[in-house]
Amino acid sequence: MSHTNPFREITRGICTCLEQPSGASYDFKAGYYERLVSTRWFNRFFWDASRQDYQEFASRAILRTAGTVLDVGCGGLAQTAQLYRSTNNDCILLDRSLEMLKIARARLWAGSGLLPANIQLLQGDAFRLPFPDNTFDTVCSFGTIHLFDNKQEFVDKVLSVLKPGGRFYFYSMTGETKISRAFMSSLRKVREFGNVYSIAQTLALFNQPALEVQSHVIGSVVFIAGRKIKQSV
Ligand SMILES: C[S@@+](CC[C@H](N)C(=O)[O-])C[C@H]1O[C@@H](n2cnc3c(N)ncnc32)[C@H](O)[C@@H]1O
């Protein structure tokens, strides 16, 4: 995939499609965030879930599919770096934050200074994806839906670049439990999260005739996978 890369390299191994690459909100907390979400206690206490739960689900998108994969809001790959190092699929890992992408790059380099040839790191905006509709065989986005107020728009944008017949994988934190609701509501006040949704509200975002959907819940995290059966969603 790298030989057909139409995007501008902004720093070694990372391309951008943005005119204004700096200033993403995660740029200022990238290192802190990545350390926090890598801890067992944080995921158990606030979400009543584990890193293994995330990784098992993400492996379905990254390892058990074939073709092209787009990960929207890939972050620093705290849960997924090992999976991306192991896949043969052509993957584009997109994030708004350059600092998060630099952490992702370091994890993929793993001391070698080389990205796997099938992996591209791309700075971009989920709401202005630089791809035509129906481009990817698989799309995924982990731990992202709950960040946005315009959740339906986010989901629809990501699904618009999925080919008919393609597979999608999302998981999102919800305010389903007392602790997660309190945590999300307090961070909502400082604009860290979008409106706090329940599991049912999150699942309703996928209630569309063009989609076949399966889901399961662990703690306050809802895991949503499925297939796009028609062109438009
Ligand atoms: C909560 S982190 C999740 C990161 C990773 N998917 C994970 O599971 O660890 C959310 C990520 O979404 C990115 N993000 C936020 N808004 C975005 C947007 N509009 N377009 C692309 N990425 C965005 C942030 O920079 C951050 O890296």
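Cut-offs applied
Residues numbered from 1 in each chain as written. Predicted model: local features only at pLDDT ≥ 70, side-chain atom pairs only at ≥ 80, totals over all residues. Heavy atoms only, no water. Helix = DSSP H or I, 4+ residues; strand = E, 2+ residues; numbered from the N terminus. Contact = heavy atoms within 4.5 Å. Patch = residues over 30% accessible without salt bridge, like charges linked within 9 Å, V, L, I, M, F, W, Y side chains within 5 Å. Areas by Shrake-Rupley, 256 points an atom, 1.4 Å probe, with all protein chains shown as cover. Salt bridge = Lys/Arg side-chain N within 4 Å of Asp/Glu carboxyl O. Near = heavy atom within 4 Å. Polar contact = N/O pair within 3.5 Å; in protein donor to acceptor, adjacent residues only side chain to side chain. Nonpolar A, V, L, I, M, F, W, Y, C, P; charged D, E, K, R; others polar. Buried < 20%, exposed > 50% of the residue type's maximum accessible area, 1.4 Å probe, protein only. Pairing = 2+ DSSP bridges. Right-handed = clockwise from strand over helix to strand, strands pointing away. Axes fitted to C-alpha atoms, helices over the stretch in contact; angles between N-to-C directions. Core = buried A, V, L, I, M, F, W, Y, C linked by side-chain atoms within 4.5 Å. Lys, Arg positive; Asp, Glu negative; His and termini not counted.

Some remarks on the environment of M173
Residue placement: M173 occurs in strand β7 (residues 162-173). Considered as a pair, M173 and V222 are 49 residues apart in the sequence and their alpha carbons are 6.6 Å apart. Here M173 is in contact with W47, Y54, G143, H146, M184, S220 and V221, once residues within four sequence places are set aside.

Focus: a nonpolar patch on the surface
On the surface, W41, F45 and I179 cluster together to form a nonpolar patch covering roughly 330 Å² of accessible area. The topology assignment puts I179 in helix α7 (residues 178-189).

Concerning the site of the ligand
Lining the immediate surroundings of the ligand are 19 residues, of which G73, D95, D125, A126 and F142 lie closest. Within the side chain of D125, an N or O atom sits 3.0 Å from a nitrogen atom of the ligand. Summarising the interface, the protein chains cover 91% of the accessible area of the ligand, which totals 590 Å² for the free molecule. When grouped by side-chain class, the residues that make up the shell around the ligand number ten nonpolar, six polar and three charged.

Focus: helix α6 (residues 151-160)
For α6, the full list of buried residues reads K151, F154, V155, V158, L159 and S160. Structurally, α6 contributes buried residues whose contacts are with β3 (68-72), β6 (136-142), β7, β8 (211-218) and β9 (221-228).

What to know about the pairing of strand β4 (residues 90-95)
Across the six residues of β4, five count as buried, placing the element largely inside the fold. One ladder, built from five bridges, connects β3 with β4; its direction is parallel. Across the sheet, the residue bridging to V72 is L94, located in β4. Where β4 and strand β5 (residues 119-123) come together, five bridges link them in parallel fashion. In the strand pairing of β5, D95 is matched with Q123. Handedness of the β4-helix α5 (residues 98-109)-β5 crossover: right-handed.

Focus on unusual backbone geometry
Residues other than glycine predominantly adopt negative phi, and peptide bonds predominantly adopt the trans conformation. Phi at L77 takes a positive value of approximately 65°, unusual for a residue other than glycine. Along the chain, L77 falls in the loop between β3 and α4 (81-86). Look at L77 and you get buried, because its relative accessible area is 1%. Even without a glycine there, the phi angle at A110 is positive, about 45°. Tracing the backbone shows A110 in the loop between α5 and β5.

Some words on the sheet that holds β7
Strand-to-strand pairing in sheets goes through backbone hydrogen bonds, with the strands running parallel or antiparallel. Taken in spatial order, the nine strands line up as β1-β2-β5-β4-β3-β6-β7-β9-β8 in an open sheet, and their pairing is mixed. What marks the edges here is a single partner per strand, and that holds for β1 (8-11) and β8. With strand direction ignored, the average angle separating the axes of adjacent strands in the sheet is 25°. Here β1 pairs with strand β2 (residues 14-16) via three bridges, running antiparallel. Bridging across to β2, R8 finds its partner in T16. Lying over the sheet, α5 contacts β1, β2, β4 and β5, oriented at roughly 165° with respect to β5.

Describing the nonpolar core
Formed by 38 residues in total, the largest nonpolar core has its most connected members in W47, Y84, L93 and F142. In contact with L93, other than residues within four places in its own chain, are D71, C74, L77, Y84, L101, L108, I119, Q120, L121 and L122. If you look at the next biggest cluster of nonpolar residues, it comprises 28 residues, including F7, F131, V139 and I145.

A look at the side chain of R105
Here R105 shows up in helix α5. Salt bridges are absent for the buried R105, whose nearest opposite-charge side chain, E9, sits at 7.3 Å.

Quick word on the pairing of β3
Summarising burial for β3: five of the five residues are buried, a large majority. Both faces of β3 are covered, namely the face carrying T68, L70 and V72 and the face carrying V69 and D71. Taken together, β3, α4 and β4 form a β-α-β motif whose crossover is right-handed. Pairing of β3 with β6, which is carried by three bridges, proceeds in the parallel orientation. Looking at β6, one finds that D71 is bridged to C140.

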